[in-house]
Amino acid sequence: MADAQDANAEHEPQPSSSTASIPGVVRAFLRGDLSRVDKRLPEWMEVLSGVGAGECWHKKSSFKAHLFEVYKLCKIWGQDDDVCKCALFHSAYSNSYVNLAIFQEGADRGRLKELLGPSAEELIHTFCVVPRHNLVYDDVLAAAPSASDMAAMVKHIKTGEPLLVPRKTIAQFLAMTIADFAEQLFSWQDAMFENEGDGRLLYAGGNARSLWPGPCKPGLWHSALSRMALMLRHGLTDGSGQPLVPLPPVFERCTQVLTEADQLAARDAYWRAVCDHTEPHQHDEAARLLRAAVDHNPHIAVQAPPASTLVPLVVLLHNAGRRTWPDRPFGMLNLGLVPDLDLTYHV
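Everything numeric here is computed off the predicted structure, so don't read it as measured data.

### Section: the overall build of the protein chain
Turning to step 1, where the next piece is worked out: The helix and strand tally for the protein chain stands at 18 helices and four strands.
Turning to step 2, where the next piece is worked out: Taking 2.2 N^0.38 as the reference for a compact globule, 347 residues should give roughly 20 Å; the C-alpha atoms of the protein chain span a radius of gyration of 22 Å, in line with that estimate.
Turning to step 3, where the next piece is worked out: The buried share among the 347 residues of the protein chain stands at 44%.
Turning to step 4, where the next piece is worked out: A separation of at least 24 residues holds for 66% of the contacts in the protein chain among residues at least 6 apart in sequence.
Turning to step 5, where the next piece is worked out: For the protein chain, the accessible area works out to roughly 17,900 Å², and carbon and sulfur atoms hold 55% of it.

So, in structure tokens, the structure goes:
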């Protein structure tokens, strides 16, 4: 009897690495099962729709889509509830970068406190009134490592009054900024702010007439974000040296800094491969360029892909595990289905 059971077990379908290895929260996002992510999330999304967030433009999508993608990253990265809620409403009263006040600071704070909780609303409000660029670049990155030892005193962007930002809040905003920038930046911003020169992402240029969307190259933001991530690991820590927020799973758990030169060399090698070497007789050179891109920037896959981009990654993972790949056009068209879609998952 035991032998028969063992024999049957050998023939039972086993979870594939491509499906079983996907975290439950990611599968919930892929399926649009928002209530599994947070039972209140569908209501929050309805509120954003109701105030017109889906009708406002934001760089490469709608404002609502941007807010959701930043929330998604923070949730997958294991940030706490208040940070995730702040990510979903992070410019709700407008902020120092954009004027997208879908809620009025004077009239709607009570509504958001009731909807999200007082501590989350307070974090959102603080995010909207600090000079975030100065906080991140001047008070944290430029002053590192001494910036890690204290809170920051900044000026309220609307009233000019002094505002003390605690170190944990700085860490929370830095983690959100990594997600926020990664989701939205591409070569259009590089052209506008003349970031192609040094790649430091300082927002220092003045080319406001750069044609949108331009060639849509990947943005030159990896280097700056790797420095922000390093501050989360080694700067913004508690008395025992532990990070104040969960570390995003990027740049080798926030331990590696990418130089601006490697960032640019990797981007350019990748762009040459995918634009100029797409035909079969060019694939050897394309492979060489792609390897060069990875050599220069091992973190080149550190992006913020929407669900539509995550899906083909699952297909690639599945076929890589099987060591199979179509060699005919109709085989490529047939790609898509992955096994074990009926497996239960936990968030």
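Let's pick the thread back up.
### Some details on the state of the cysteines
Turning to step 1, where the next piece is worked out: On inspection of all chains with the given rule, the structure shows zero disulfides.
Turning to step 2, where the next piece is worked out: Lacking any disulfide linkage, Cys74 is separated from the closest cysteine sulfur, that of Cys84, by 5.6 Å.
Turning to step 3, where the next piece is worked out: We classify Cys74 as buried; its relative accessible area is 0%.

### A closer look at empty space enclosed by the protein
Turning to step 1, where the next piece is worked out: Taken as a whole and assessed by the stated rule, the structure comprises one cavity of 30 Å³ or more.
Turning to step 2, where the next piece is worked out: Approximately 40 Å³ is the volume attributed to the largest cavity.
Turning to step 3, where the next piece is worked out: If you go around the largest cavity, the residues you meet are Gln189, Asp190, Phe193, Asn195, Leu201, Leu202 and Tyr203.
Turning to step 4, where the next piece is worked out: The residue inventory of the lining of the largest cavity, partitioned by class, reads four nonpolar, two polar and one charged.

### A short note on the packing of aromatic side chains
Turning to step 1, where the next piece is worked out: All chains considered together, the criterion is met by nine aromatic pairs.
Turning to step 2, where the next piece is worked out: A centroid spacing of 5.9 Å and a plane angle of 65° characterise the contact between Trp57 and Trp188, whose relative ring orientation is edge-to-face. With Trp57 in strand E1 (residues 57-58) and Trp188 in helix H12 (residues 187-192), this residue pair connects regions lying 131 residues apart in the sequence.
Turning to step 3, where the next piece is worked out: According to the relative accessible area criterion, Trp57 is partly exposed, its value standing at 47%.
Turning to step 4, where the next piece is worked out: The class for Trp188 is buried, based on a relative accessible area of 10%.
Turning to step 5, where the next piece is worked out: Pairwise contacts between aromatic rings join Trp57, Phe186, Trp188 and Trp212 into one cluster.
Turning to step 6, where the next piece is worked out: Positioned over the ring face of Tyr345 is Arg36, at 4.4 Å from the centre of the ring.

### Examining the nonpolar core
Turning to step 1, where the next piece is worked out: Counting residues in hydrophobic clusters, the biggest one holds 79 residues, and the most contacted among them are Leu41, Tyr71, Phe89, Leu225 and Leu232.
Turning to step 2, where the next piece is worked out: In terms of nonpolar packing, the next biggest core, distinct from the first, is built from six residues, Ala266, Ala273, Ala286 and Ala293 among them.

Cut-offs applied
- Residues numbered from 1 in each chain as written.
- Predicted model: local features only at pLDDT ≥ 70, side-chain atom pairs only at ≥ 80, totals over all residues.
- Heavy atoms only, no water.
- Helix = DSSP H or I, 4+ residues; strand = E, 2+ residues; numbered from the N terminus.
- Rg over C-alpha atoms; globule rule 2.2 N^0.38 Å.
- Buried < 20%, exposed > 50% of the residue type's maximum accessible area, 1.4 Å probe, protein only.
- Contact = heavy atoms within 4.5 Å.
- Areas by Shrake-Rupley, 256 points an atom, 1.4 Å probe, with all protein chains shown as cover.
- Disulfide = S-S within 2.5 Å.
- 1 Å grid on protein atoms, 1.4 Å probe; cavity = no way out; pocket = protein on both sides within 12 Å on 5 of 7 lines; lining within 4 Å.
- Points joined across faces, edges and corners; volume = space filled by probe spheres on them.
- Nonpolar A, V, L, I, M, F, W, Y, C, P; charged D, E, K, R; others polar.
- Phe/Tyr/Trp six-rings, centres within 6.5 Å; stacked < 30°, edge-to-face > 60°.
- Lys NZ or Arg CZ within 6 Å of the ring centre and 35° of its normal.
- Core = buried A, V, L, I, M, F, W, Y, C linked by side-chain atoms within 4.5 Å.

Bear in mind that shape data such as this cannot, by itself, settle questions of function.
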